[in-house]
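Notes for the structure review
Residues per chain are reported as follows:
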Amino acid sequence: MAGKVKREKWSENFSEWYNELIETAGIQDKRYPVKGMNIWLPYGLKIMRNIERFIHSEMERTGHEEVLFPALIPETEFQKEAEHIAGFEGEVFWVTHAGHDPLDIRLILRPTSETAMYSMFSLWIRSHADLPFKVYQIVNTYRYETKHTRPLIRVREISRFFEAHTAHDSYEDAERQIREDLEIFDRLAKFLAIPYIISKRPDWDKFPGAYYSLGAEIMMPDGRTLQIGTMHNYRQNFAKAYDIKYETEEGEHEYVHQTTFGMSERLLAAVMAIHGDDNGLVLPPTIAPIQVVVVPIPKKDAEADVFAYAREIAEELRNAGIRVHVDERDIRPGRKYYDWELKGVPVRIEVGPRDVEGRKAVIARRDTLTKEVVERAEIVEAVRKTFDGIMDNLYNRAKEFLESHIKRVDTIEEAKAVFEDRRGIVEIPWCGSEECGLKMEEELDAKMLGTPYPEEKARIEGKKCPVCGREAKFIARFARTY
RNA sequence: GGGGCCGUAGGGUAGCCUGGUCCAUCCUGCGGGCUUUGGGAGCCCGUGACCCGGGUUCGAAUCCCGGCGGCCCCA
């Protein structure tokens, strides 16, 4: 069924494929004269907004309130949590002057908002009745990335940074929050038809200031992984640094437990990369700004009929709540097909004189590039069914891709063999020591993503750490990452 | 941190080694005209560029120095 779909460039020359598509599909213009800062173009922004709309509705559903904090943070606030500063100070942008005069207290452009928010949390949170306290925002954040920047993936201005921050009366309730975050993430991933894995980060790679960190990864076409979501349990680390206390029912004063949940425009990068092919974007209907494009195929003497028929079909689809566009440009139909394929429109309806006469239409699917003839009367139903088929197909194809790139091995040699072609994720037994973990990172020239979450105890029975030979306590995942 | 390559219209490129033949090639895009319309049609006209600064020279896209920017490899 997918015989016409080509993914040669997509898999063999992913970087080039991606960079071209960002511009040709109208996602972003990367010619802005500051490295790592790009311009959202209307089409790309519409897709991103559709992703965010779903995030907002999930936040609403789970009782998070939206807030907006300033982008500037005084250095005195920023420096309150030691690990956090250590983790970020090398990559923050400083505001040191106002006009000609140096500032008494310098400001940073937020790289993330913990240090902006938490002194306010300490003012807002008074009582156990205020807990759990759950807020979120979607804002731009700034990090002076020194590695290669890449649109949507590694940027110096993350322009759609989602961050949910919560405070709780106990570690257990914070853990419940992490489970809720995982559930929200799962629903979002299904909405985008992207399969993923969750790993608990090793201690040396957790978020600066966190007690532990979870990361959600997807498999990119070139076999590297991309982190698209994180959940952190801070325990009371930040609460102690920012003095966030509440009064218990017994009148005691206790520090809150905190969590965060983060995502960004990398979600769009993931959608582009996972579903795309050599013809361009392939958007899940859930987020496509245009879900159906109607292309009239005029014949000289029947032009008016064909256009009227196309508009009539579009109107009916629109009334059924479908985002539809009629392409009435005066260019040849073939050219239109290529244009809309590039932009990833999930369904194209072609109507020509033959269809007008026979009361039919041709439905073409973007994911498989196949066509089918449907009756005019059944068009809304046929389009809906096609959407479902596309969602299923996209998800299943991507899941197969992800799973076929995860290899379970027991020795360093086997792991090295997997990375020979620089592709995939290796799962290998591990004793849990930092020394052995770092040793494996070095040997494999790959990063430890962490250990499967939730833990998979059964899989390590009788296994040994391939570095030290001691009994394995975990499965460790390694991959080349973005 | 170390090394290498590169910067020419909106995008992609030729020219650079061996300075003059270059008011800079071709493709694409964009504007216009004729013609066409079930998978990027054709022809014609038009539009648009040598990263910045300094130097060498009668003469610099081309050689030299510096800056800025991009890409790649190694650690």
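Since the model is a prediction, treat every value here as computed from it, not as a measurement. Starting from 1, residues in each chain are numbered consecutively following that chain's sequence as written. Chains carry letters and ligands carry numbers; both start at the beginning, A for chains and 1 for ligands, and go up in the order they are written. Two thresholds apply to this predicted model, a pLDDT of at least 70 for residue-level local features and 80 or more for giving and counting side-chain atom pairs, whereas whole-chain, interface and lining totals are computed over all residues. Note that the side-chain values use all heavy atoms of the structure and ignore hydrogens as well as water.

So, about the overall build of chain A. A tally of helices and strands in chain A yields 15 helices and 23 strands. Radius of gyration here uses only the C-alpha atoms, and the compact-globule reference equals 2.2 Å multiplied by the residue count raised to the power 0.38. Compactness check: chain A gives a C-alpha radius of gyration of 25 Å against a globular reference of 23 Å for 482 residues, within 12% of the reference. Considering only contacts in chain A between residues 6 or more positions apart, those separated by 24 or more positions represent 70%. Each accessible area value is a Shrake-Rupley result obtained with a 1.4 Å probe; residue values ignore everything except the protein chains displayed when judging cover. Put simply, chain A shows about 21800 Å² of open surface, and 48% of that area lies on carbon and sulfur atoms. Charge counting follows a simple rule: Lys and Arg are positive, Asp and Glu are negative, and His as well as the terminal groups are ignored. A charged residue contributes its charge at one atom only: NZ of Lys, CZ of Arg, CG of Asp or CD of Glu. A gap of 5 Å separates the mean positions of the 71 positive and 84 negative side-chain charges of chain A. A helix here means a DSSP run of H or I that spans at least four residues, while a strand means a run of E at least two residues long, and both kinds are numbered starting from the N terminus. Whether two residues are in contact is decided by their heavy atoms, any of which lying within 4.5 Å being enough.

As a further point, take the domain arrangement of chain A. As assigned here, chain A comprises domain 1 (8–275), domain 2 (292–392) and domain 3 (406–479). As used throughout, domain bounds are those supplied by an automatic or database domain assignment. Between the C-alpha centres of domain 2 and domain 3 the distance comes to 50 Å.

Quick look at the pattern of salt bridges now. Where charged atoms from two side chains of opposite charge come close, those side chains can pair. By definition, a salt bridge exists where a carboxyl oxygen of Asp or Glu is found within 4 Å of a side-chain nitrogen of Lys or Arg. Going through the model one piece at a time under the given rule, you end up with 43 salt bridges. Of the charged contacts in the structure, one is a salt bridge between Glu312 and Arg359, with a shortest N-O distance of 3.7 Å. Of this pair, Glu312 sits in helix α10 (residues 303–319) while Arg359 sits in the loop between α12 (353–358) and β18 (360–365), and the two are 47 residues apart along the sequence. Using a 1.4 Å probe on the protein chains alone, a residue whose accessible area is under 20% of its type maximum counts as buried, one over 50% counts as exposed, and one in between counts as partly exposed. Accessibility expressed as a relative area gives 35% for Glu312, which makes it partly exposed. Given the relative accessible area of 42%, Arg359 is considered partly exposed. Of the charged contacts, one joins Lys399 and Glu403 as a salt bridge, the two residues approaching to 3.2 Å between their closest N and O atoms. Here Lys399 and its partner Glu403 are both found in helix α13 (residues 379–404), four residues apart, which amounts to about one turn of the helix. Glu403 gets classed as partly exposed once you look at its relative accessible area, which sits at 46%.

Attention shifts here to the sheet that holds strand β7 (residues 133–142). Pairing between strands is defined by DSSP: at least two bridges between them are needed. What the eleven strands build is an open sheet, ordered β3-β7-β8-β14-β11-β10-β9-β22-β23-β21-β20; its pairing is mixed. Of all strands in the sheet, those with a lone pairing partner are β3 (65–66) and β20 (406–408), marking the two edges. In terms of strand pairing, strand β10 (residues 212–219) meets strand β11 (residues 225–235) through eight bridges, oriented antiparallel. Directly across from Leu214, in β11, lies its bridge partner Met231. Axes here refer to lines fitted to C-alpha atoms; in helices the fit is confined to the stretch in contact. Angles between the N-to-C directions go from 0 to 180 degrees. Sheet contacts for helix α9 (residues 266–275): β10, β11 and β14 (257–263); angle to β11, the most-contacted strand, approximately 145°.

Moving on, we come to the packing of aromatic side chains. Only Phe, Tyr and Trp rings take part, Trp by its six-membered ring, and two of them pair if their centres are within 6.5 Å. Stacked means planes under 30 degrees apart, edge-to-face means over 60, and tilted covers everything else. This structure, assessed with the given rule, holds 24 aromatic pairs. Pairing Tyr118 with Tyr242 gives two aromatic rings, centres 6.1 Å apart and planes at 85°, and the pair type is edge-to-face. Here Tyr242 lies in helix α8 (residues 237–242) and Tyr118 lies in helix α6 (residues 114–124), a separation of 124 residues in the sequence. The pair formed by Tyr118 and Tyr242 is uniform in burial state, with each residue classed as buried. Their ring planes at 40° and their centres at 5.7 Å tell us that Trp430 and Phe474 sit as a pair that is tilted. Of this pair, Trp430 sits in strand β21 (residues 425–430) while Phe474 sits in strand β23 (residues 474–479); the two residues are 44 residues apart in sequence, bridging distant segments of the chain. Here the aromatic cluster, defined as three or more aromatic residues joined through ring pairs, consists of Phe69, Phe88, Tyr118, Phe121, Trp124, Phe133, Phe207, Tyr234, Phe238 and Tyr242.

Moving on to α10. Helix length check: α10 (17 residues) gives 25 Å between terminal C-alpha atoms against 24 Å at 1.5 Å per residue, within 8%. Along α10, the positions that sit buried rather than exposed are Val306, Phe307, Tyr309, Ala310, Ile313, Ala314 and Leu317. Looking straight down α10, one finds its buried side chains confined to an arc of 160°; they lie on one side. Away from its buried face, by an angle of more than 90 degrees, α10 presents the exposed residues Ala304 and Asn319. Multiply 1.5 Å by the residue count of a helix minus one, and that product is the helix's expected span. As used here, the arc belongs to the directions running from the helix axis to the C-beta atoms.

Moving on: unusual backbone geometry. In the segment running from Leu131 into Pro132, the intervening peptide bond is cis, with an omega of -5°. With respect to the helices and strands, Pro132 occurs in the loop between α6 and β7. Cis geometry marks the peptide bond from Tyr453 to Pro454, where omega comes out at -5°. Relative to the helices and strands, Pro454 resides in the loop between β22 (447–452) and β23. Here Leu369, not a glycine, exhibits a phi torsion of approximately 60°, which is positive. Among the structural elements, Leu369 can be located in the loop between β18 and β19 (371–375).

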